[in-house]
Amino acid sequence: MSLKDYKGVFVFAQQVDGKLSGVSFELLGKAQDLAKDLGTDVTAVLLGYKVEGLCDHLAEYGADRVILVDDPALKDYTTEPYAHAIDEVIKKYKPEIFIYGATAIGRDLAPRVSARVRTGLTADCTKLEIDPESKLFRMTRPAFGGNIMATIMCPDHRPQMSTVRPGVMQKKDRQAGAKAKIEKFNPGFEKNDKFVEILKIIKEESNKKDIMDAKILVSGGRGVGSKENFKILQDLADVLGATVSSSRAAVDSGWTEKDQQVGQTGKTVRPHVYFAIGISGAIQHLAGMEESDIIIAINKDESAPIFDVADYGIVGDLNKIVPALTAKLKDYFAAKAKE
Amino acid sequence: MKIVVCIKQVPNTNEVKLDPVKGTLIREGVPSILNPDDKAGLEAALQLKDQYGAEIHVITMGPPQADAVLREALAMGADKAYLVSGREFGGADTLATSTTIAAAVKKLAPFDLVITGRQAIDGDTAQVGPQISEHLGIANVSYAEEIKVEGEYVIVKRQYEDRHHIVKAKMPCLITALGEMNKPRYMTPGGINDAYKTEITVWGRPDIDVPDDELGLTGSPTRVVQSFPKSLKPAGVKVQLDTAESADYIVDKLKEKFVI
């Protein structure tokens, strides 16, 4: 088997409850760029049960072909049937590149597959490109808690695989009516001791808006001081139609919820405006928000690293400035409404 | 019950600083610690031991000084400790690392449970746990928040972004533990004393039954071809004004940028 026999850019099209995850579209966007540089096409690999209806969505966001594995064993994610299906897809279709979302599913599935196939896997990449000369896959990721970046290649094994965190790549515009070639494939699922049983699924109903979808984020850190004091951030957010997020320190202190956490171990966000309030700006936090269009930082410590990435840094007491800002904005919107 | 816990010694990345001039990592003086997720995994194992009775075997792979985390594990209550160490294992990526560790775990068979941390803070890959389970040919459940034993099964609360699954897996299986699943116990003075009396078994190349081409740098499909300091965008403006002026300043900027 020669490396040249492996062709095409494959994307794991993650779906949960019959709904495609946002990262699937983001990966398809990136996959199109990679495929163009390689002169090849994009294949989405869709696993699930009764999910055929999702194929058109994948086509509209960039899949030239969809390999569909539809089986009751794949209804809800468990490692073994998913790993088995992907392994068989790799054996049969021989992808040159295979990318996955770095989600709680992808970060379990992709390593299991890499060990089965015995190929390399680069985790949580922030940049993917094709080397113009060697045509090898260049995968760049943060290392040492985000302190340095490392570019990794997988020269002699196929497929070349990586995971990408949600929110890092951008999806392309929807091409309404686009169609993909659909190939149904079923490797067969025979139960063994590696299969686990899901006894119960507990969904966390959240009325909160996902911080990854927010246009404006009002984010607080240790400097906010207490759970109660997050109210002044919420007030500011309410005036701006923004969403409240936080640093890890605030989550660890129990002031905010895990799903509000921005950073290396939280979510990657790129809102239009990011308010960093009482956030010192540890490298792990910056990793999750530095791509924001406009960063406004308020911190009493003028040497806080957050000021190194802020477009506008205000040195001062957040307890005074934030309520004053909220009041000014209220006046401004009230005046504007009268115009 | 026999539980194998895989742990790693890591630099405390929270204390890693960048040399502002050279843009390189300053590693001197950065303390090494037992990786937090692994510590939670060890605590989970110790709780199972408290509840059901178990023998806890801890394994680490690393240079000779990595025995510090094994001593810590022993002082917390682990029963036996193994250090996989040798030049041949160096330069390994996650695939070669997991292959080596799996071979070490196999030497302890039969076991009921293998527990690893979800991920290590120096690499953050979360790959080695699931990869070990694949090499061992057993089930794995990642991102565990709770572990219970029921007969020959474990019941695991598995975390996802917007939900939890309660999963039943037949033992032997592998579980990767989330750092937030528990609050690890402290070492006891008696435990520390015992830890330094307990002999740590050291396994070198001859003890690990894996072909040469699957070990260390040679056995690693991935290559780091370049590493560089992260380029942050240039800093913007920093102002120090009184409260009202600060608020006005922000409002002006929001207007300027057409946010409001």
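These notes cover the structure that comes with them. (Residues numbered from 1 in each chain as written. Chains lettered and ligands numbered in written order. Predicted model: local features only at pLDDT ≥ 70, side-chain atom pairs only at ≥ 80, totals over all residues.)

Let us look at the sheet that holds strand 12 (residues 181-184) of chain A. Within a sheet, adjacent strands bond to each other through the backbone by hydrogen bonds, running parallel or antiparallel. Residue and element names in this part refer to chain A. Here we have seven strands laid out as an open sheet, ordered 7-11-6-1-4-5-12, and parallel in their pairing. Either end of the sheet is taken by a strand with one partner, and the two such strands are strand 7 (121-125) and strand 12. Taking each pair of neighbouring strands and ignoring which way they run, the sheet shows an average axis angle of 25°. As defined by bridge partners, strand 4 (residues 42-48) adjoins strand 5 (residues 65-70) across six bridges and the pair is classed as parallel. Across the sheet, the residue bridging to Leu-46 is Leu-68, located in strand 5. Here helix 4 (residues 106-117) sits on the sheet in contact with strand 1 (9-13), strand 6 (97-101), strand 7 and strand 11 (160-164), set at roughly 165° to strand 11. (Pairing = 2+ DSSP bridges. Helix = DSSP H or I, 4+ residues; strand = E, 2+ residues; numbered from the N terminus. Axes fitted to C-alpha atoms, helices over the stretch in contact; angles between N-to-C directions. Contact = placed C-beta atoms within 7 Å.)

Core analysis: the largest hydrophobic core is formed by 132 residues, its most contacted members being Val-11, Val-45, Leu-46 and Leu-58 of chain A together with Val-5 and Ile-175 of chain B. If we ignore the near neighbours within four places in the chain, the residues touching Leu-58 of chain A are Ala-13, Leu-28, Ala-44, Leu-46, Ala-63, Val-66 and Ala-180 of chain A. (Core = buried A, V, L, I, M, F, W, Y, C linked by C-beta atoms within 7 Å. Buried ≥ 20, exposed ≤ 12 C-beta atoms within 10 Å, placed from the backbone.)

Attention now moves to the packing of helix 4 of chain A against helix 4 (residues 128-136) of chain B. Where helix 4 of chain A meets helix 4 of chain B, the axes come as close as 8 Å, and the angle between the chain directions of the two elements is 40°. By the criterion of interaxial angle, the relationship of helix 4 of chain A to helix 4 of chain B is oblique. In this structure, helix 4 of chain A crosses over helix 4 of chain B, and the sense of that crossing is right-handed. Along its contact with helix 4 of chain A, which presents Asp-108, Pro-111, Arg-112, Ser-114, Ala-115 and Arg-116 of chain A, the element helix 4 of chain B presents Pro-130, Gln-131, Glu-134 and His-135 of chain B. Residue composition of the contact of helix 4 of chain A with helix 4 of chain B, grouped by class: three nonpolar, three polar and four charged. (Parallel < 35°, antiparallel > 145°, perpendicular 65-115°, else oblique. Left-handed = near helix turned anticlockwise from the far one by under 90°. Nonpolar A, V, L, I, M, F, W, Y, C, P; charged D, E, K, R; others polar.)

This next bit is on unusual backbone geometry. Here the residue pair Arg-158 of chain A and Pro-159 of chain A is connected by a cis peptide bond, since its omega of -5° sits within 30 degrees of zero. Residue placement: Pro-159 of chain A occurs in the loop between strand 10 (148-153) and strand 11. For the bond from Met-171 of chain B to Pro-172 of chain B, the omega torsion is 0°, close enough to zero to count as cis. Its location among the elements puts Pro-172 of chain B in the loop between strand 11 (163-170) and strand 12 (173-177). One non-glycine residue, Lys-94 of chain A, lies in the positive phi region at around 50°. Topologically, Lys-94 of chain A is positioned in the loop between helix 3 (79-93) and strand 6. Judged by C-beta crowding, with 16 C-beta atoms within 10 Å, Lys-94 of chain A ranks as partly exposed.

Bringing the sheet that holds strand 8 (residues 113-117) of chain B into the picture now. The ten strands are arranged 13(A)-11(B)-10(B)-9(B)-12(B)-8(B)-1(B)-6(B)-7(B)-13(B) in an open sheet whose pairing can be described as mixed. Each edge of the open sheet is held by one strand with a lone partner, namely strand 13 (197-203) of chain A together with strand 13 (201-203) of chain B. Neighbour-to-neighbour, the strand axes of this sheet turn through a mean angle of 30°, independent of strand direction.

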